[in-house]
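Descriptive structure summary
Each chain is listed here by its residues.
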Amino acid sequence: MLSYWEKTHFLKYDLIVIGAGIVGMSTAIQYKLKFPQSSIAILERGVFPFGASTKNAGFACFGSLTEILDDLNMMPEEEVLALVEKRYQGLLAIRKVFGDETLSYQDKGGFELITSQEVSALDQMNRINKLLMPLFGKDVFSVEKNIHHYGFGKDVLHIVRNKFEGELDTGKYILALWDKCQQLGIRLHTGAEVIRIDGQQIHVKEPLTNDVIQFEALKIAICTNAFAKRFFPELDITPGRGLVMVSTPMQNKIPWEGAFHYDKGYVYFRNVVGDRLLIGGGRNLDFEGERTETFEVNSLLRTYLEKLTRTIVFPDQKVDFEMEWTGIMAFGESKKPIIQRVSENIGVGVRLGGMGVAIGWQAGTELVDLL
Ligand SMILES: Cc1cc2nc3c(=O)[nH]c(=O)nc-3n(C[C@H](O)[C@H](O)[C@H](O)COP(=O)(O)OP(=O)(O)OC[C@H]3O[C@@H](n4cnc5c(N)ncnc54)[C@H](O)[C@@H]3O)c2cc1C
C-alpha cells in the first residue's frame with residue numbers, strides 16, 4: 001500500500017536501469033550526460049551491487065598472450081583485434097573519466113607465467129606483437145630476462161610481461177560510479193528486485209512487505225548481466241562463478257608487483273594492500289559446477305588455489321587465507337557482450353565475460369546510443 005507522496009514522486013522516470021553493476025551505473029551516468037533534463041533511477045536487488053562488479057579482482061586487462069592466441073583459434077583476426085581495442089580503449093576511458101588516483105590505478109604491468117604447457121606460445125609472441133602494433137604503437141609482450149627474483153615454483157619456465165596492463169581498486173571504482181550517479185541526481189534504489197517487466201511497467205518486490213511496487217519508465221535499460229535470462233530466457237547467457245581468496249599479510253615482503261595470469265588466464269593473482277596475496281579463478285577445473293547463479297564456494301577450487309599458492313606462487317612458504325568470496329560472471333558462445341534493443345523502449349547490456357572492468361563503461365556508451 002503506497003502513500004500519495006510515494007505514488008506521486010517515486011515511481012515514474014524517463015529512464016530506469018535495472019542492475020547497479022559497472023554497466024548499469026555507466027549507462028545511467030552517460031544517459032544523464034547526454035540528456036541532462038531526464039529523470040533516471042537504477043533498481044538494484046542487493047544492498048549494494050551484487051553480481052560481479054564488487055567481487056572482481058580489479059585487473060585492468062585486455063588479454064594475455066595465451067588468451068589472445070586462444071581467441072585467434074576461435075575468431076577471425078579482425079574480431080580479436082576489435083575486442084582487444086575495445087578493452088584497451090575502455091580502460092583508457094575510465095582512467096580519463098575518474099582519474100588514476102580515484103581508482104587507485106597502478107601501472108605495474110601484467111605478467112603471464114609460462115609452464116611447459118604454454119611454452120609454444122612464445123614462438124607466436126612476435127606475430128602477436130605485430131598484430132597489435134597498430135593499436136599500441138609498441139610491442140605489447142616481452143619475455144622477462146631474469147625470473148629468479150619472482151621466486152615462483154620450478155614449473156614456471158618463463159614470464160611474459162604485458163607493459164600496458166594495470167590494476168585498480170574495485171571497491172573504489174564502484175564507489176566512484178555511485179558518487180557520480182549521486183552528483184548527477186540519479187536515484188539508486190537498493191533492495192529493489194525486479195520480478196517482471198510489462199511494457200513500460202517494472203514490477204519490483206518490496207523487501208519488507210513482499211508487496212509488488214510498479215515503477216514506470218519511458219525507456220528501460222536491463223543491465224543484469226548473468227541474471228538477464230530471467231527477463232529474456234532466449235539470450236545466449238551462461239553464468240560462470242568465480243572464486244577469489246585473500247591471504248593474511250605475508251611475513252616477508254612480496255617480491256613482485258603487478259597483475260599475474262596463469263593457466264591461460266583461468267587463474268590470476270596480485271598483491272593487495274598490506275602485502276596480502278589475492279588469488280582467484282580455477283573455474284576450468286569444474287566448468288559444470290561453476291555454471292551457477294549461487295554465491296557458494298566450491299571446495300575443489302579452494303583446494304586447487306591453495307595448492308597453486310604453495311607450489312607456484314610462494315613455494316614452501318606458509319600462506320593462510322583469511323577471506324574468500326564468489327561472484328557471478330556471464331559468458332556465451334561469443335566473447336562479445338550483448339548490447340541490443342529488444343523493443344522500442346527496452347535495451348539490454350549484458351554478458352560482460354571476465355573483462356567487464358575494461359569494457360563496462362563502453363558497454364554503457366553503446367547502450368545509451370541504442371536507447
Ligand atoms: C570473481 C570475479 C573476478 C573478476 N575479475 C575481473 C578482473 O580482474 N577484471 C575484469 O575486467 N573483470 C573481472 N571480472 C568480470 C567483471 O567483474 C564483470 O564483467 C563486470 O563486473 C560485469 O558488470 P555488470 O554490470 O555487467 O554485471 P554485474 O556486476 O553482475 O551487475 C548486475 C547487477 O544486476 C543486479 N540484478 C540482477 N538481477 C536483478 C533484478 N532482477 N533486479 C534488480 N537488480 C538485479 C545484480 O545484483 C548486480 O548488481 C571478474 C568477475 C568475477 C565474478
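The model shown is predicted, which means the values in this text are computed figures rather than measured ones.

**So, the overall build of the protein chain**
- A tally of helices and strands in the protein chain yields nine helices and 18 strands.
- A compact globule built from 371 residues should have a C-alpha radius of gyration of about 21 Å, and the protein chain, at 21 Å, falls within 12% of that.
- Once the C-alpha set of the protein chain is aligned to its principal axes, its extents read approximately 70 × 45 × 40 Å.
- Counting the 371 residues in the protein chain, one finds 52% classified as buried.
- Long-range contacts, defined as pairs at least 24 residues apart, comprise 74% of the intrachain contacts of the protein chain with a sequence gap of at least 6.

**Regarding the UniProt feature "domain: FAD dependent oxidoreductase" (unreviewed entry) in the protein chain**
- Feature annotation in UniProt places "domain: FAD dependent oxidoreductase" (unreviewed entry) on residues 14–370, given in this structure's numbering.
- Strand forms 28% of residues 14–370 and helix 29%; the C-alpha atoms that close the span are 15 Å apart.

**Considerations on the domain arrangement of the protein chain**
- You can read the domains of the protein chain as domain 1 (4–54 + 172–235 + 336–370) and domain 2 (62–169 + 237–331).
- Averaged C-alpha coordinates put domain 1 and domain 2 at centres separated by 29 Å.
- Taken together, the 29 residues of domain 1 in the interface contact 26 residues of domain 2.
- Summing both partners gives a buried area of about 2500 Å² for domain 1 against domain 2, and 72% of it is carried by carbon and sulfur.
- On the surface where domain 1 and domain 2 come into contact, there are one salt bridge.
- Where domain 1 meets domain 2, there are seven residue pairs in polar contact (both at pLDDT 80 or more).
- Contributions of two or more residues to the side of domain 1 that touches domain 2 are made by helix 7 (170–183) and helix 9 (356–370).
- The dominant element in the side of domain 1 that touches domain 2, judged by the number of residues it contributes, is helix 9, at six residues.

**Digging into the nonpolar core**
- Membership of the largest hydrophobic core comes to 59 residues, with the highest contact counts inside it found for Ile42, Phe141, Tyr173 and Leu177.
- Looking at this core, the elements that each hand over two or more residues are strand 1 (12–18), helix 2 (22–34), strand 2 (40–43), helix 3 (65–74), helix 4 (77–98), helix 6 (125–136), helix 7 and helix 9.
- Each of domain 1 (4–54 + 172–235 + 336–370) and domain 2 (62–169 + 237–331) accounts for three or more of the residues forming this core.
- If we skip the residues at most four places from it in the chain, Ile42 touches Val17, Gly19, Ala20, Gly24, Met25, Ala28, Cys181, Ile186, Arg187, Leu188 and His189.

**Topic: the pairing of strand 9 (residues 193–198)**
- Pairing between strand 9 and strand 10 (residues 201–205): five bridges, direction antiparallel. What sits directly across from Ile197, in strand 10, is Ile202.
- Connecting strand 9 to the next strand, strand 10, in antiparallel fashion are two residues, including Gly199 with a positive phi near 60°.

**Overview of the site of the ligand**
- Around the ligand lies a shell of 41 residues, among which Glu44, Arg45, Phe50, Ser53 and Phe59 are the nearest.
- Between an oxygen atom of the ligand and a main-chain N or O atom of Val23, the distance comes to 3.0 Å.
- Within the side chain of Glu44, a nitrogen or oxygen atom sits 2.6 Å from an oxygen atom of the ligand.
- Protein chains shield 98% of the accessible area of the ligand, which is 1000 Å² for the free molecule.
- Elements represented by at least two residues in the shell around the ligand include exactly helix 2, strand 9, strand 12 (238–247), strand 16 (321–331) and helix 9.
- The residue inventory of the shell around the ligand, partitioned by class, reads 23 nonpolar, 13 polar and five charged.
- Here the shell around the ligand gathers at least three residues from each of two domains, domain 1 (4–54 + 172–235 + 336–370) and domain 2 (62–169 + 237–331).

**Structural notes on the pattern of salt bridges**
- By the definition in use, this model includes 17 salt bridges.
- One salt bridge connects Glu322 with Arg276, and the closest N-O pair in it is separated by 2.6 Å. Taken together, the positions of Glu322 in strand 16 and Arg276 in strand 15 (residues 276–281) put the pair 46 residues apart, joining distant regions of the chain.
- Glu322 sits in the partly exposed class, given a relative accessible area of 44%.
- One salt-bridge network, held together by shared partners, links Glu193, Lys205 and Arg230.

**A look at helix 6**
- Met125, Ile128, Asn129, Leu131, Leu132 and Phe136 are the residues of helix 6 that are buried. Projection of helix 6 onto a plane perpendicular to its axis shows the buried side chains occupying an angular sector of 165°, all on one side. In this structure, helix 6 carries Asn126, Lys130 and Pro134 as exposed residues pointing more than 90 degrees from its buried face.
- Residues of helix 6 that are buried in the fold lie against helix 3, helix 4, strand 5 (141–143) and strand 6 (158–162).
- Gly137 lies just past helix 6 and shows a positive phi near 75°.

**Remarks on the environment of Ile220**
- Along the chain, the position of Ile220 falls in strand 11 (residues 212–222).
- Along the backbone, Ile220 and Ile202 are 18 residues apart, and their C-alpha atoms lie at a distance of 8.9 Å.
- Not counting the four nearest positions on each side in its chain, Ile220 is found in contact with Leu15, Ile16, Ile18, Ile197, Gly199, Gln200, Ile202, Asn345, Ile346, Gly347 and Leu371.

Here is what the cut-offs are and how they apply
- Residues numbered from 1 in each chain as written.
- Predicted model: local features only at pLDDT ≥ 70, side-chain atom pairs only at ≥ 80, totals over all residues.
- Heavy atoms only, no water.
- Helix = DSSP H or I, 4+ residues; strand = E, 2+ residues; numbered from the N terminus.
- Rg over C-alpha atoms; globule rule 2.2 N^0.38 Å.
- Buried < 20%, exposed > 50% of the residue type's maximum accessible area, 1.4 Å probe, protein only.
- Contact = heavy atoms within 4.5 Å.
- UniProt positions renumbered as here; feature names shortened; annotations may be inferred.
- Domains from an automatic or database assignment.
- Buried area = accessible area lost by both parts, 1.4 Å probe.
- Salt bridge = Lys/Arg side-chain N within 4 Å of Asp/Glu carboxyl O.
- Polar contact = N/O pair within 3.5 Å; in protein donor to acceptor, adjacent residues only side chain to side chain.
- Core = buried A, V, L, I, M, F, W, Y, C linked by side-chain atoms within 4.5 Å.
- Pairing = 2+ DSSP bridges.
- Near = heavy atom within 4 Å.
- Areas by Shrake-Rupley, 256 points an atom, 1.4 Å probe, with all protein chains shown as cover.
- Nonpolar A, V, L, I, M, F, W, Y, C, P; charged D, E, K, R; others polar.
- Arc of directions from axis to C-beta.

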